[in-house]
Amino acid sequence: MANLTLLYAKAALTGFTRRGSALPSSSLDAELTVDRAHLDAYRAVCGFGVRDELPITYPHVLGFPLQIRLMTARDFPFPLPGLVHVANRITRTRPLLATDPLSVRVELADLRPHERGRQFDVVTTVSTGGEEAWVDVSTYLRRDGGSGRSSGSGGSGGSGSAGRGERAEAPEPTAVWRLPGDLGRRYAAVSGDRNPIHLHALAARAFGFPRAIAHGMWSKARAVAAFEGRLPDACEVDVRFKAPIPLPGRVDFSTTPTGDGRRFAVWSDRPHLEGVIRG
């Protein structure tokens, strides 16, 4: 993960001067095989059991170094500090196995207006045996003027999509999660996302957070782990990151059936994550 650490340092030193109005059309590719020790560490921190198939969220961390390389390249228009990860949608056509050779492609797409700035997608595609099997679309928001708290790449920030002044009723919890203070450091070790806001309270305070906050993709993975063994082979898991989860902390997890899948949410005194499984 040393190269990612250097990329974060580069982003912190040079990123704030970036200005642009278009996304580059470049993409990055890699051929990968799964490291079993790394997979086991990911499973442990996210709550997955040991199975032949990969957790549906795991390929996201395999593509993460390519994502960061694209977002720290010279032609990327926005500073990495200040980007807010607001949504993530994973579509799987079939399960991937730990023994599968994986072809990974990452590209940037669909820069578009948002009521608070501009947003764009980072699209990660995983194929095996020449067949596309998994697609991840992470949506990031760049607020106008870069104002507001930064959650950075992989962080969990407010999406700005909820109605202002509205306060939704908390769903009935089906489980309670107690999150230790070192959770951000543990997930950073397996994901490569070493954004300082997830690691230590002192670093988080520099970005406007009173405490370190959990990674958004950890909260999605932990939620999906509750459905392990029950996801359809072909399915979609779509989430919106609503508000950061301070560490240490305690949150409620809830799930309810829908016509074609399940809804789920992570709450405390406010919503942190809302998602749906379709398939």
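Just so we're clear, the structure is a prediction, and the values are computed from it rather than from any experiment.

### Some points on helix 4 (residues 183–191)
Move 1: Taken as a whole, helix 4 has its buried residues at Leu183, Gly184, Tyr187, Ala188, Val190 and Ser191.
Move 2: Among the residues trailing helix 4, Gly192 stands out with phi positive, at a value near 85°.

### Brief notes about the nonpolar core
Move 1: In terms of nonpolar packing, the biggest core is built from 62 residues, with Tyr42, Met71, Phe120, Tyr187 and Phe264 touching the most fellow members.
Move 2: Looking at which element gives the most residues to this core, the answer is helix 3 (residues 58–71), with 8 residues.

### A few points about the pairing of strand 4 (residues 117–128)
Move 1: In terms of burial, strand 4 is a largely internal element, 11 of the 12 residues being buried.
Move 2: Here 10 bridges tie strand 3 (residues 102–114) to strand 4, and the two strands are oriented antiparallel to one another. Directly across from Leu108, in strand 4, lies its bridge partner Val122.
Move 3: Hairpin connection between strand 3 and strand 4: a loop of 2 residues separates the two successive antiparallel strands.
Move 4: Where strand 4 and strand 5 (residues 131–143) come together, 12 bridges link them in antiparallel fashion. Its bridge partner being in strand 5, Thr128 is matched across the sheet by Glu131.
Move 5: A loop of 2 residues connects strand 4 with strand 5, the two strands running antiparallel in sequence, and Gly129 in this loop sits at a positive phi of about 60°.

### Things to note about the confidence of the model for the protein
Move 1: Confidence in the prediction of the protein, expressed as mean pLDDT, is 89, and 85% of residues score 70 or more.
Move 2: Considering only residues more than four positions removed or in separate chains, one finds that residues 146–156, a stretch of pLDDT under 50, has 57 contacts.
Move 3: In the model, residues 159–165 has pLDDT below 50 throughout and makes 11 contacts with residues more than four positions away in sequence or in other chains.

Rules of the game
- Residues numbered from 1 in each chain as written.
- Predicted model: local features only at pLDDT ≥ 70, side-chain atom pairs only at ≥ 80, totals over all residues.
- Heavy atoms only, no water.
- Buried < 20%, exposed > 50% of the residue type's maximum accessible area, 1.4 Å probe, protein only.
- Helix = DSSP H or I, 4+ residues; strand = E, 2+ residues; numbered from the N terminus.
- Core = buried A, V, L, I, M, F, W, Y, C linked by side-chain atoms within 4.5 Å.
- Pairing = 2+ DSSP bridges.
- pLDDT = per-residue confidence, 0-100.
- Contact = heavy atoms within 4.5 Å.

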